[in-house]
Structure formats: structure tokens, C-alpha cells
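Chain by chain, the residues run as shown.
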Amino acid sequence: MQNIVVKDIFDGFNDYLNKEQELREQIREVVREIDQAAKEATIALQVIHSSLTEVSGACLAARNQFEVCRKGYERLAGLIPEGQYYRYNDHWHFLTQRVVFLVALTVYLEKGFLVSRDTTAEVLGMKTKQAHGFHLDIEDYLMGILQLASELSRYATNSVTLGDYERPLTISKFVADLNSGFRLLNLKNDGLRKRFDALKYDVKKIEEIVYDISIRGLRADPAAAAAPSTGAAEQ
């Protein structure tokens, strides 16, 4: 009798473990699809470091991949049992940080400003409040934005190599504002705090690029740039 009772108990455990393993495999499959789309978007956006004329096309290609990501996150939302987001989010939260970074970079390249968490969540088909289910975690959003700062530091350097001496100035102001914003936060998360500590080096690197441009006289003359040309006056 005792053996039968024990068997019944462990049979129940076995069923639970099998279902758990099946669910995690389904999650991993969807995450692989999102990861592949993120890689494609990353490849598309790398053109900004080698060309001044192909940026808009790269952004369009990246947005096409964001739609794939969106469908993937919607599938994940359907897989995750209610109230168990944080039980399974180890499968996707680092990936989500990278996707946030890609969305933020694309929006910056297109519009020149910082994408909000709400807009990022909308692009990816996610909620912003935990109570509403599958959502974009605040810390994942912030980590993605910190990755943006590092990429813009590289972008500033390569812009100079490509002969664009004004872009580093724009990037410098943007990243400085970003740094000011993060300084308003009381960061408790160790990973976020360490990543934020690296932001000051990105700020310093970009400032050095701007300084080098200035002392070499490579900046456009603001007065000359503002003055209308003869041809413009004739029109």
C-alpha cells in the first residue's frame, strides 16, 4: 500500500516536470526566433559605421525585424501562465535588453531623440505594467538605453572617419542629457549601477572627439552655415 501511495505522488511530480520542460522548450523556440530577428537588425544597423548615405535604409530593415520580434513577444505572452512572468523571464530578459537597444538606436537615427519605454513596448507588442501581464520591465528598458550610449560613442568616432564632423556634437549633447537623466535615479540593481558607471567613459570619449574636432578647426562655421547662399537669395 505504501509503495502505491509513493508511486502516485511521484507520478504527479513527473507529469508536472514533463509539462514544465515542454513549456520551457516552447519558450526557447520563440526566443530563438526573436534572437535571430535581433541579429538581422543588428547587422542592418552596422552600416551606420561605414556609410553616411545608407542609414535610412538600415532603419527600415531594422523595423522589419522589429515586427518579427513583436510577433515573437506576442507568442511568448500567450505561453506564459498568468502571474508567472518572472518565473520564466530568464529566457528572454537579456535578449529584450538588446532589442530595446536596437529600437532606441533606430529611433535615434530616424528622429534624434530618446524613445520612451511606452513607445518601445508598443513597437514590441508588450505592456508597460506588470499587472497587465507580459510587459517591458523597467530595468530591461534602462539596460537597453545604456547600451545605446556605448553604440553612439562608436558612431561618433566613425562619423569623423567618414567626414561628418557635426554629428559627434549632436551625439555629445544627447549622451550628456542621457547621463544627467540617469543621475536622477537611485539605482539599486547591481547590474544597472555597474553599467551606469560605464556611461561616464562613453561621455568622456565623445567629449574628447568633440574637443579634437574643435581644436583642428573641423567644425562648420555657425555664422556661415546660417547665412543664405547667393543661389538661395536669387530663388
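These notes cover the structure that comes with them. Remember, predicted model here, so these are calculated numbers, not experimental data. (Residues numbered from 1 in each chain as written. Predicted model: local features only at pLDDT ≥ 70, side-chain atom pairs only at ≥ 80, totals over all residues. Heavy atoms only, no water.)

## Side note on the packing of helix α2 (residues 55-79) against helix α4 (residues 93-111)
Defined as follows: Structural elements are reduced to axes, namely lines fitted to C-alpha atoms, with helices fitted over the stretch in contact, and the angle between N-to-C directions of any two is expressed from 0 to 180 degrees. Strands are runs of DSSP state E lasting at least two residues, helices are runs of H or I lasting at least four, and both sets are numbered from the N terminus onward. Crossings are sorted by hand: turned counterclockwise from the far helix by less than a right angle, the near helix makes the crossing left-handed, and turned clockwise it makes it right-handed. Pairs of residues are marked as contacts when any of their non-hydrogen atoms sit within 4.5 Å.
Contact geometry of α2 with α4 gives a least axis separation of 10 Å together with a crossing angle of 145°. Once α2 is placed against α4, the crossing between them reads as left-handed. On α4, the residues that touch Val55, Cys59, Ala62, Arg63, Phe66, Cys69 and Tyr73 of α2 are Leu95, Thr96, Val99, Leu102, Val103, Thr106, Val107, Leu109 and Glu110.

## A look at the pattern of salt bridges
To keep things clear, this is the line we draw: A pairing counts as a salt bridge when a side-chain nitrogen of Lys or Arg comes within 4 Å of a carboxyl oxygen of Asp or Glu. Residue burial is assigned from relative accessible area. The probe radius is 1.4 Å, only protein chains are included, and a residue is buried under 20% of its type maximum, exposed over 50%, and partly exposed in between.
In the structure shown here, the tally under the stated rule is 14 salt bridges. As a salt-bridge pair, Lys39 and Asp35 come within 3.3 Å of each other at their nearest N and O atoms. Here the residue Lys39 and the residue Asp35 both occupy positions in helix α1 (residues 2-45), the gap between them amounting to four residues, near one helical turn. A salt bridge links Glu74 to Arg70; the nearest nitrogen and oxygen atoms lie 3.4 Å apart. Of this pair, Glu74 and Arg70 are both found in helix α2, four residues apart, which corresponds to roughly one turn of the helix. The exposure class assigned to Arg70 is partly exposed, which follows from its relative accessible area of 25%. Via salt bridges that share partners, Glu20, Arg24 and Arg87 belong to a single interconnected network.

## Looking at the packing of helix α7 (residues 167-183) against helix α8 (residues 190-215)
The condition that has to hold: Any angle that is under 35 degrees is reported as roughly parallel, and any over 145 degrees as roughly antiparallel; angles of 65 to 115 degrees are reported as roughly perpendicular and all others as oblique. Amino acids are sorted into nonpolar (Ala, Val, Leu, Ile, Met, Phe, Trp, Tyr, Cys and Pro), charged (Asp, Glu, Lys and Arg) and polar (every other residue, Gly among them).
Direction vectors running N to C along α7 and α8 enclose 155°, while the axes themselves pass 9 Å from each other. On the basis of the axis angle, α7 is roughly antiparallel to α8. Along this stretch, α7 crosses α8, giving a crossing that reads as left-handed. In this structure, α7 contributes Pro168, Leu169, Ile171, Ser172, Val175, Asn179, Phe182 and Arg183 to the contact, and α8 contributes Phe196, Leu199, Val203, Ile206, Glu207, Ile209, Val210 and Ile213. Here the contact of α7 with α8 is built from residues that sort into twelve nonpolar, two polar and two charged.

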